[in-house]
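The chain contents come next:
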Amino acid sequence: MKKTIFLACILGLAAAALAEDKGGRKTDEDAIRKLWSDYTVAFNMRIPKNMSAIWAEDGDLTNFQGRSAKGRAALETLFADEQATVLKDTRMIMVVPNIRFLKGDLAMADGDATVAGMFSHDGKPLVPQKLIVTSILAKKGGKWSVLAVRQSLPG
């Protein structure tokens, strides 16, 4: 009888811990998706400062055209340059279908983005681009931020 009660207590505690973790992870998933939603809004409104704000201070990006920047200030400069030139008439839609929690407060998120209205560097219009956006994020002080992003074209 004592073993049964002990086992029931252990199973109950384990179930409660799992439920709490799932609830916490759901909250983290929502926060990460909101982060990318905020980025998309800033992208479509042409606000490079808000675009770069989702990155960690030392975060980095390599976009699908091979351009890179490291650090929030450099990211803001890159975004401002692209928003004034090749991305000046674009609209983006992005969804984040998959988030995987790695270790502790680290996560990897897969984003699917479509960017319409782009022009090449020589001014020719491009067909809408579908992009794969892979990001690594960290939670620090209760807040998620982007550590690294790699964009690529599918296929």
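Refer to the preceding data block for the structure.
Residues numbered from 1 in each chain as written. Predicted model: local features only at pLDDT ≥ 70, side-chain atom pairs only at ≥ 80, totals over all residues. Heavy atoms only, no water.

**With respect to the nonpolar core**
- If you look at the biggest cluster of nonpolar residues, it comprises 32 residues, and the most contacted ones within it are Ile32, Trp36, Tyr39, Trp55, Leu137 and Val146.
- For this core, the elements supplying multiple residues, two or more each, are α1 (2–45), β1 (55–62), α3 (72–84), β3 (91–101), β4 (106–116), β5 (129–140) and β6 (143–152).
- Top element by residues in this core is α1. It accounts for 6 residues.
- Once you skip the residues sitting within four places of it in the chain, leucine 137 turns out to touch Ile32, Leu35, Trp36, Asp105, Leu106, Ala107, Ala109, Trp144, Ser145, Val146 and Leu147. (Core = buried A, V, L, I, M, F, W, Y, C linked by side-chain atoms within 4.5 Å. Buried < 20%, exposed > 50% of the residue type's maximum accessible area, 1.4 Å probe, protein only. Helix = DSSP H or I, 4+ residues; strand = E, 2+ residues; numbered from the N terminus. Contact = heavy atoms within 4.5 Å.)

**Side note on the packing of aromatic side chains**
- Going through the model one piece at a time under the given rule, you end up with 7 aromatic pairs.
- Centroid distance tryptophan 36 to tryptophan 55: 6.0 Å. Interplanar angle 85°. Geometry classified as edge-to-face. Separated by 19 residues along the polypeptide, tryptophan 36 in helix α1 and tryptophan 55 in strand β1 bring together distant segments of the chain. For the pair tryptophan 36 and tryptophan 55, one class covers both residues: buried.
- The structure contains a cluster of three or more aromatic residues connected by ring pairs, namely Trp36, Tyr39, Phe43, Trp55 and Phe79.
- If you follow arginine 25 out to its NZ or CZ, it ends over the ring of phenylalanine 101, 4.1 Å from the centre. (Phe/Tyr/Trp six-rings, centres within 6.5 Å; stacked < 30°, edge-to-face > 60°. Lys NZ or Arg CZ within 6 Å of the ring centre and 35° of its normal.)

Interpretation in functional terms is not warranted from these geometric data alone.
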